[in-house]
Amino acid sequence: MLFHNKYNTALMLFALLFFSCAEKVEEVKPNVIIVYMDDLGYGDVGYNGAKKLKTPNMDALAKGGMSFNNGYATSATCTPSRYALLTGVYPWREKRAKILPGTAPLIIGRDQMTIPRMLKQEGYQTAIIGKWHLGLGDGNVDWNELVTPGPNELGFDYSYILAATQDRVPTVYIEDGNVVGLDPNDPITVSYKKNFEGEPTGLDNPELTTMKWHHGHNNSIVNGIPRIGFMKGGDAAKWSDIDMADEFLNRVKSYIKKNKEKPFFLYYPMQQPHVPRTPHPRFNGVSDLGPRGDAIAEADWCLGELKKTLEAEGILENTLIIFSSDNGPVLNDGYFDDADVRNGDHKPWGPFRGGKYSLFEAGTHVPFITYWKGKIKPGVSDAIVSQLDLLSSIAQLVGSKVRTPDSEPMLEVLMGNSDQGRTELVLEATSRTAFRKGDWVMIPPYKGPAVNEKVQIELGNDSEFQLFNLVNDIGQQNNLAEANPDKLKEMLNAFEVIRGKGYSKTQKLELK
Ligand code: NG6
Ligand code: CA
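What you see is a predicted model, and the numbers here were worked out from it, not measured in a lab.

A few words now on the site of ligand 1. Close to ligand 1 lie 20 residues; Cys78, Asp167, Arg168, Asp333 and Lys356 are nearest. Take Lys131: an N or O atom from its side chain is 3.1 Å from an oxygen atom of ligand 1. Between ligand 1 and Arg168 there is a distance of 2.8 Å, counted from an oxygen atom to a side-chain nitrogen or oxygen. Here the shell around ligand 1 is built from residues that sort into 5 nonpolar, 8 polar and 7 charged.

See below:
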């Protein structure tokens, strides 16, 4: 007999209660939103010490959630970081994961696991609204037809994107594979090889430009801004640069309103403060730093609007927001826009050395916040976390068994329940790799200039091994490689276990 005493009855009741609760949890799967900035530095946010720049909404997110002092992008440039974020695979495993032109084919395999694909398997609705930069099509895209494969073939139900970067053609939005607002009588053609006859360029027609190019960026002119790459036609479809933030934000708002009844995943990669910096005129002069600072203020406002929308729709408490940046900061990235001239004592790179493109810390060490009202206890964490781990960690959150070998399940750390973050992490910058293990960073020898003179950033190249201890040398000034050969050897061995050999073209790979 089943209920032969009181004890068993109590047990049964308890079990019933437990399972019905477990089912409840299952029912209300949280929404997940990744807000991804483009070139926002560790020191560009108020909560990390910025003074000349006000970022009240980013600060509120950090103060109301977990902010990570040791949060990393996988790479010091955009495409590789985005590749790793979505796939949970180190970008240096994929040769094509380099800064892509606007005509590049899709570099994520159609069968590859991605965060939206994993979430779709768990019943989520999925969307990307913002910057893509992972290639589109199979090569030779006809922009006047359905542009495919793209995000919609990788697990996103809905996509509203800019193809590559704001400074690269085609300068049009693409919604679910279709160029938005295209007039069939004015077809678009794009080339990264040569100009179309009779079309003005930044190089030949500076009089037609309202933003001046400093290096690169002297091909086709759109809205007075000379771009990378050549484009002809598609006039009606061309985006308005100053309205881009509003355009994405409005889509984000309506997506949330429309889809709030079922759990959703929203990837919201903003274009700021990447060049060309074109904040809406209502943000002009709100910072003292010129368009770069104003663009950050604009992005900060967008983040606030996003949070307000979630609140108004009654779903803020059921939404995990992850906030980070794809790579470190750069001031002059190819246009004269006063970012360097007006920077003063602002430190976009925070306490770190280098910046975008650099193997030094500022290349990849970025703002990193997790926020979940009522679920994540506000705090600051020293744990090492990487965007590479989002795939497996979000999988944990939603009860999915999906994992990739590179992506470590770090849900407890992201939730602020544990400080046991990553013990080791390979860092990448323009196809070179370095290694962080514990408090130490090792950079193998690389050929190439120590400084990129155009952007005025130290790249981390040296003919010798570099070894730094971040605890007492966060600015990576004291190379301890010679003084600490045992540590260097330990680091190199651990690095090569993951990375293999042959990662540097410099001959001197063996230790003395
Ligand atoms: C570089 C561009 C830079 C920026 C970068 C990509 C030149 C001289 N420089 O090649 O302006 O567009 O690519 O940035 O063209 S990222 O954040 O998308 O990686
Ligand atoms: Ca970037």
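Alright, that's what it looks like, and here's the rest.
What follows is about the coordination of the calcium ion (ligand 2). Coordination of the calcium ion (ligand 2) by the protein involves Asp38 (OD), Asp39 (OD), Asp326 (OD), Asp326 (OD) and Asn327 (OD1), with metal-donor separations of 2.2 to 2.7 Å. In this structure, the calcium ion (ligand 2) is coordinated by 6 donor atoms arranged in irregular fashion, with angles at the metal of 51 to 172°. For the calcium ion (ligand 2), the donor residues sit on a single chain with the sequence spacing D-D-x286-D-N. The buried category is assigned to Asp326, whose relative accessible area is 0%.

Here we take up the domain arrangement of the chain. Domain annotation of the chain identifies domain 1 (29–177 + 255–417) and domain 2 (425–499). Between the C-alpha centres of domain 1 and domain 2 the distance comes to 25 Å. Listed per partner, the contact involves 30 residues of domain 1 and 30 residues of domain 2. Carbon and sulfur atoms supply 62% of the area buried between domain 1 and domain 2, which totals about 2500 Å² over both sides. By the criterion of area lost to domain 2, the three top residues of domain 1 are Trp92, Arg353 and Leu359, representing 32% of everything that side buries. Taken together, the connections running from domain 1 to domain 2 amount to 1 salt bridge.

Turning our eyes to something else, we now look at the environment of Asp288. One can find Asp288 in the loop between β12 (264–269) and α6 (291–312). Residue Asp288 is classed as exposed on the basis of its relative accessible area of 53%. With 236 residues separating them in the primary sequence, Asp288 and Lys52 have C-alpha atoms 6.6 Å apart. Excluding residues that lie within four positions of it along the chain, Asp288 makes contacts with Lys52 and Arg342.

Looking now at the packing of helix α5 (residues 244–259) against α6. At a minimum axis distance of 10 Å, the contact between α5 and α6 shows a crossing angle of 15°. Taken together, the axes of α5 and α6 are roughly parallel relative to one another. Along this stretch, α5 crosses α6, giving a crossing that reads as right-handed. Together, Ala245, Asp246, Leu249, Val252, Lys253, Ile256 and Lys257 of α5 and Glu298, Trp301, Cys302, Glu305, Leu306, Thr309 and Leu310 of α6 make up the contact between the two elements. The residue inventory of the contact of α5 with α6, partitioned by class, reads 8 nonpolar, 1 polar and 5 charged.

Looking now at unusual backbone geometry. At the junction of Thr148 and Pro149, the peptide bond is cis and its omega measures out at 0° in the coordinates. Note that Pro149 resides in the loop between β3 (125–131) and β4 (158–162). At the junction of Val169 and Pro170, the peptide bond is cis and its omega measures out at 0° in the coordinates. Locating Pro170 in the fold gives a position in the loop between β4 and β5 (173–175). Although it is not a glycine, Asp39 adopts a positive phi angle of roughly 75°. Mapped onto the fold, Asp39 is located in the loop between β1 (31–37) and α2 (56–64). At His133, a residue that is not glycine, the phi angle is positive and equals roughly 60°.

The next point concerns the sheet that holds β1. Strands belonging to one sheet form pairs held by backbone hydrogen bonds; the direction of such a pair is parallel or antiparallel. Spatially, the 10 strands line up as an open sheet ordered β6-β5-β4-β3-β12-β1-β13-β15-β2-β16, and their pairing is mixed. What marks the edges here is a single partner per strand, and that holds for β6 (178–179) and β16 (379–386). Here β1 runs beside strand β13 (residues 319–325); their pairing, made up of 7 bridges, is parallel. The residue bridging Val32 from the neighbouring strand is Leu320, located in β13. Against the sheet, helix α3 (residues 78–87) engages β1, β3 and β12, with an angle of about 170° to β1. Across the face of the sheet, helix α7 (residues 390–398) comes into contact with β1, β13, β15 (368–371) and β16 while running at roughly 160° to β1.

Conventions adopted
- Sequence positions are assigned chain by chain, starting from 1 and proceeding in written order.
- Here every chain gets a letter starting at A, and every ligand a number starting at 1, in the order they are written.
- Local features are withheld for residues below a pLDDT of 70 in this predicted model, meaning they are given only at 70 or higher, and side-chain atom pairs are given and counted only at 80 or more; totals for whole chains, interfaces and linings count all residues.
- For the side-chain quantities, the full set of heavy atoms in the structure was used; hydrogens and water were omitted.
- Any residue with a heavy atom lying within 4 Å of a molecule or strand is counted as near it.
- Think of a polar contact as two N or O atoms within 3.5 Å of one another; within protein, one of them needs to be a possible hydrogen donor and the other a possible acceptor, and neighboring residues in sequence only count if both atoms come from side chains.
- For this classification, the nonpolar set comprises Ala, Val, Leu, Ile, Met, Phe, Trp, Tyr, Cys and Pro, the charged set comprises Asp, Glu, Lys and Arg, and every other residue, Gly included, is treated as polar.
- Donors, by definition, are the N, O and S atoms found within 2.8 Å of a metal, the threshold being 3.2 Å for Na, K and Ca, and water is not counted, so a site can look incomplete.
- Every geometry call rests on angle ranges, with four donors termed tetrahedral when all angles are between 85 and 135 degrees, four termed square planar and six termed octahedral when opposite donors are over 155 degrees apart and all others are between 65 and 115, and everything else termed irregular.
- To sort residues, take the accessible area from a 1.4 Å probe on protein chains only and compare it with the maximum for the residue type: under 20% means buried, over 50% means exposed, and anything in between is partly exposed.
- Domain segmentation is taken from an automatic or database assignment of domains.
- Residue contacts follow a heavy-atom distance rule, with two residues in contact if any of their heavy atoms lie within 4.5 Å.
- Take the accessible area each of two parts loses on contact, using a 1.4 Å probe, and add the two losses: that sum is the buried area.
- Throughout this description, the term salt bridge denotes a Lys or Arg side-chain nitrogen within 4 Å of a carboxyl oxygen of Asp or Glu.
- Under the DSSP-based scheme used, a helix requires at least four consecutive residues in state H or I and a strand at least two consecutive residues in state E, with every element numbered from the N terminus.
- All axes are obtained by fitting lines to C-alpha atoms, using only the stretch in contact for helices, and the reported angles, taken between N-to-C directions, cover 0 to 180 degrees.
- The labels follow the angle: roughly parallel below 35 degrees, roughly antiparallel above 145, roughly perpendicular from 65 to 115, and oblique for the rest.
- Less than a right angle of anticlockwise turn of the near helix away from the far helix marks a crossing as left-handed, whereas a clockwise turn marks it as right-handed.
- Whether two strands pair comes down to DSSP finding at least two bridges between them.

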